[in-house]
Amino acid sequence: MTGRLDRIGLLAVPALGFLAAIYALPLAMLLAKSVQTAEGFSLAEYRAFFADDYNIRVLARTLRVAALTTLLAFVIAYPTAFAMSRAKGIWLTVFLVALVLPMSLGVVVKAFAWSILFRANGVLNSILMGIGMTERPVRMLFTETALIVGAANVFLPFMVLPIYSVVRQLDTRLPEAAASLGATPWFRFTRVTLPLTLPGVVAGSAFVFSMSVSMYVIPSLIVGERQQNLSMLIARSFLYLRNEALGSTIAAILLAIAIAVVLLSGWLATRLGARR
Amino acid sequence: MTRISATGLTRRTLLKSSAAAAFGTLAAPSILRAQSTEIVIGCAGSHTAWMEEIVAPHMKSAIGADILFEGTKSSVNLEKMASNKDKPYLSVVQMDDPVMIQAVEADLLSPITPDAVPNMEDLRPDAVHMDGMWCNYVQPWAGIAYNTDFAPDGVPSWEALWAPENAGQVIIPSLQNTEGMWTLFVAAMLGSGKPFSEAQYEVDAAFAKLEALKPNLLSVYTTMSQAFNLLEQGEITLLSGNFSSYTLPRKAEGVPVDLAAPKEGIFAMPSGICLVKGGPNPELAQAYVNEMLGPDMQAAIADFASSVPANTTVKAGAVVPEGVQIYSPDWAFVAENRRGWIERFDKLMAL
């Protein structure tokens, strides 16, 4: 049996080789550049990065936008996943197509679509003025709110699908049993349904947070250069400042954030799974 | 020996055939490239229209070249050249003068010579730089693009960018883009009160004046097409530093935009062309550059892109507005300081 397993394990060799050649090796070279100076090993670039107030503001903005994007995606995705789990036949197909089809649309097209919606004379402002919520157009273009809404829209499927996969397997008799014991709807949701679906929430949040924290095209198009994030600083370092050490340092910091999110979500998922 | 099938194919034969097929597949691009009529040109993203419509068909018929072009920013073209210095894949690059200086310093260019490129002898003397390391081919002029529905009387002065009535109505280019320099130099002139020849070195005065521009800014762009789209739609009134090769063709198509030549002066966009050192197909690359500097291409591009030709035998292209100074800055000074300016600008403009 072990021998057979070993041979099956060989099937992963092409994928591992591919990853090693086009991902791990360049990544190692990149990380090496962040600690290499003419004098040898040094953490000077890291010290310089964290000593600059501007970089700290960019780091804080990157984390804040990623967290809020994840939260907004969760708020929209959670009820959607329940609706999908109850849907059958054509309605389930409609849900899945509505979720997956927009993924085939380029991010650039979506960002332009959002800029049309957010304009002073755009759809959202027309609605707000039409229903009397505001007399003048509200500035939405090039704001952090616009970025969070746009990013949550692009990454929404990555939150919905993991939650849906968990909700679909939820034993519907458990909330019913809680109800038969006198639990209120709020109690049933917070003590039964939510804990059982948390592994899906953790997985979805890890996906969306990781993608939001490293996004480049969406903020470039929706908020521009006045609200830079870490990815925009990396591009600027390599392409315009021609400072590979700085670009590598920021890339390493971004990678550390992504690894922390993956490890934390893995630990959370294990704990929550054990509690179930 | 293990038989794969009844056809007589052995495992060893199969492996040999697969290896040969794999080698053939991997080697094919090199073999084909050796005899290729294809050259890769790095150019600006805003050149796409005329590169596709004018240059590519002309080069096919005139010199038999198949043109592949990669449109991006000058700084990105420089990075591509530097990253592939040992094995360049670009043959010719069209980019801006300050970036050309950096390319020369990094030993990335081959000089253009009259022997290989005879048309360079017809160029204006100021269009040939650093003993032929690069040449300017056509030069658009830069001013302020504006929406004619919202600024029907035009834009007489660069001070309009700072005017209170234009709060939230202005977009300027980042200093990462070469056209971003024009707003910086105008700020230097207005902030220092000195003529351009002196003001271009007054960097502190420029940044102080730029700070006063912040209340009027809707955004700072690195992707010009998006900013121009907002201008066309009336979301903004003024787009600083835009140039004739982009605004005037849109105006001719009936879009409500125009390009102002403010009284303080306008700027000459530094569009250069160079040969990449060690680039593929060097003879074809020289023939390409020769055609780009020749009368036919110069007239066609200058007309299409509302630009001023560099070839003195050509009478075509944009009419430079009369009565205003046209400036060309000290690009060596720009190249030397640009990185620091970009960092300072980003911090100043950040929200």
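Right, let's talk about the overall build of chain B for a bit. When you go through chain B residue by residue, the secondary structure sums to twelve helices and 16 strands. When the 351 residues of chain B are sorted by exposure, 46% land in the buried category. For chain B, restricting intrachain contacts to residue pairs at least 6 apart in sequence, the fraction spanning at least 24 positions comes to 74%.

A word on the overall build of chain A. Along chain A, the regular secondary structure elements total 13 helices and two strands. By principal-axis analysis of the C-alpha atoms, chain A measures approximately 75 × 70 × 35 Å. Residues classed as buried in chain A amount to 33% of the 276 residues present.

As a further point, take the domain arrangement of chain A. Domain annotation of chain A identifies domain 1 (1-34) and domain 2 (46-275). If you look at the interface, domain 1 of chain A gives four residues, while domain 2 of chain A gives six residues.

Before going further, it helps to spend a moment on helix 10 (residues 282-293) of chain B. Residue and element names in this part refer to chain B. Taking 1.5 Å as the rise per residue, helix 10 with twelve residues should run 16 Å; its terminal C-alpha atoms sit 17 Å apart, in good agreement. Considered for burial, the residues of helix 10 that qualify are L284, A285, Q286, Y288, V289, M292 and L293. The secondary structure elements touched by the buried residues of helix 10 are strand 1 (38-43), helix 2 (48-63), strand 3 (92-96), strand 6 (134-136), strand 14 (271-276) and helix 11 (295-304).

Quick look at the packing of helix 4 (residues 53-86) of chain A against helix 10 (residues 185-213) of chain A now. Two measures define how a pair of helices packs: the angle their axes make with one another and the distance between the axes. Residue and element names in this part refer to chain A. Interhelical geometry of helix 4 versus helix 10 gives an angle of 140° and a closest axis separation of 9 Å. Looking at the two axes, helix 4 sits oblique to helix 10. The two elements helix 4 and helix 10 cross, and the hand of that crossing is right-handed. Between helix 4 and helix 10, the residues in contact are T62, L63, V65, A66, T69, T70, A73, F74 and A77 and V201, G204, S205, V208, F209, S212 and V213, respectively. Grouping the amino acids of the contact of helix 4 with helix 10 by side-chain chemistry returns ten nonpolar, six polar and no charged.

On the chain B side, the residues contacting the 18 residues of chain A number 22 residues. For the side of chain A that touches chain B, the secondary structure elements donating two or more residues are helix 11 (217-222) and helix 12 (230-240) of chain A. Examining the composition of the side of chain A that touches chain B, we find that four residues originate from one element, helix 12 of chain A, more than from any other. Classifying every residue of the side of chain A that touches chain B by side-chain character gives nine nonpolar, four polar and five charged.

Moving on, we come to the nonpolar core. Judged by nonpolar contacts, the single largest core of 156 residues is most densely connected at M159(A), V92(B), C135(B) and V289(B). With 14 residues, helix 8 (residues 144-167) of chain A is the largest single contributor of residues to this core.

Let us look at unusual backbone geometry. Note: most peptide bonds trans; most residues except glycine with negative phi. All names here are of chain B. One non-glycine residue, D107, lies in positive phi territory at about 60°. Within the secondary structure, D107 is located in the loop between helix 4 (97-105) and strand 4 (109-110). You can call D107 exposed: it has 9 C-beta atoms within 10 Å. The phi torsion at M130 lies on the positive side, around 45°, for a residue other than glycine.

Residue and element names in this part refer to chain B. In terms of domains, chain B is made up of domain 1 (34-139 + 270-309) and domain 2 (142-268 + 324-349). When each unit is reduced to the centre of its C-alpha atoms, the spacing between domain 1 and domain 2 is 27 Å. The interface of domain 1 with domain 2 comprises 14 residues on the first partner and 15 residues on the second. Mapped onto the side of domain 1 that touches domain 2, the elements with two or more residues apiece are helix 3 (74-83) and helix 4. No other element matches helix 4, which puts four residues into the side of domain 1 that touches domain 2. Broken down by class, the residue content of the side of domain 1 that touches domain 2 amounts to four nonpolar, seven polar and three charged.

Turning next to the environment of K110(A). All names here are of chain A. Mapping K110 onto the fold places it in helix 6 (residues 107-118). The exposure class of K110 is buried, given the 20 C-beta atoms found within 10 Å. Sequence-distant contacts of K110, defined by excluding residues within four places in its chain, comprise L105, N153 and V154.

Residues and elements named next belong to chain B. Counting buried residues along strand 14, six of its six residues qualify, which places the element largely inside the surrounding structure. With five bridges connecting them, strand 3 and strand 14 associate as antiparallel partners. In the sheet register, V93 faces strand 14, and the bridge partner there is C274. By the bridge criterion, two bridges tie strand 6 to strand 14 in an arrangement that is antiparallel. Each residue of the ladder has a partner; that of C135, found in strand 14, is I273.

Averaged over all residues, the pLDDT of chain A equals 87, while 96% of them reach at least 70. Mean pLDDT across the elements of chain A ranges from a minimum in helix 1 (residues 2-9) of chain A, with 67, to a maximum in helix 4 of chain A, with 94.

Residues and elements named next belong to chain A. Orientation of helix 9 (residues 173-180) relative to helix 10, taken along the N-to-C sense of each, is 145°, at an axis distance of 10 Å. Considering how the two elements wind past one another, helix 9 and helix 10 form a crossing that is right-handed. Every residue of helix 10 that contacts helix 9 at L174, P175, A178 and A179 is listed here: R188, V192 and T193. Of the residues in the contact of helix 9 with helix 10, the class split is five nonpolar, one polar and one charged.

With respect to the secondary-structure elements, D303(B) resides in helix 11. Taking the C-alpha atoms as reference points, D303(B) and S245(B), separated by 58 residues in sequence, lie 9.2 Å from one another.

Turning our eyes to something else, we now look at helix 3 of chain B. The element helix 3 of chain B is largely enclosed, with a buried count of seven among its ten residues. All of the buried residues in helix 3 of chain B are S74(B), S75(B), V76(B), N77(B), L78(B), K80(B) and M81(B). Tucked into the core, helix 3 of chain B has its buried residues touching helix 12 of chain A together with strand 1, strand 3, helix 4 and strand 14 of chain B.

Bringing the confidence of the model for chain B into the picture now. Residues and elements named next belong to chain B. Taken over all residues, the pLDDT of chain B has a mean of 86, while the share at 70 or more is 89%. The model gives residues 1-9 a pLDDT under 50, and that stretch makes eight contacts with residues more than four places away or in other chains. Low pLDDT, under 50, characterises residues 24-34; the stretch is placed with one contact to residues that sit more than four places away or in other chains.

Of note, T145(A) is situated in helix 8. For the pair T145(A) and V65(A), spaced 80 residues apart in sequence, the C-alpha to C-alpha distance is 8.9 Å.

Definitions and limits used
Residues numbered from 1 in each chain as written. Chains lettered and ligands numbered in written order. Predicted model: local features only at pLDDT ≥ 70, side-chain atom pairs only at ≥ 80, totals over all residues. Helix = DSSP H or I, 4+ residues; strand = E, 2+ residues; numbered from the N terminus. Buried ≥ 20, exposed ≤ 12 C-beta atoms within 10 Å, placed from the backbone. Contact = placed C-beta atoms within 7 Å. Domains from an automatic or database assignment. Expected span 1.5 Å × (residues − 1). Axes fitted to C-alpha atoms, helices over the stretch in contact; angles between N-to-C directions. Parallel < 35°, antiparallel > 145°, perpendicular 65-115°, else oblique. Left-handed = near helix turned anticlockwise from the far one by under 90°. Nonpolar A, V, L, I, M, F, W, Y, C, P; charged D, E, K, R; others polar. Core = buried A, V, L, I, M, F, W, Y, C linked by C-beta atoms within 7 Å. Pairing = 2+ DSSP bridges. pLDDT = per-residue confidence, 0-100.

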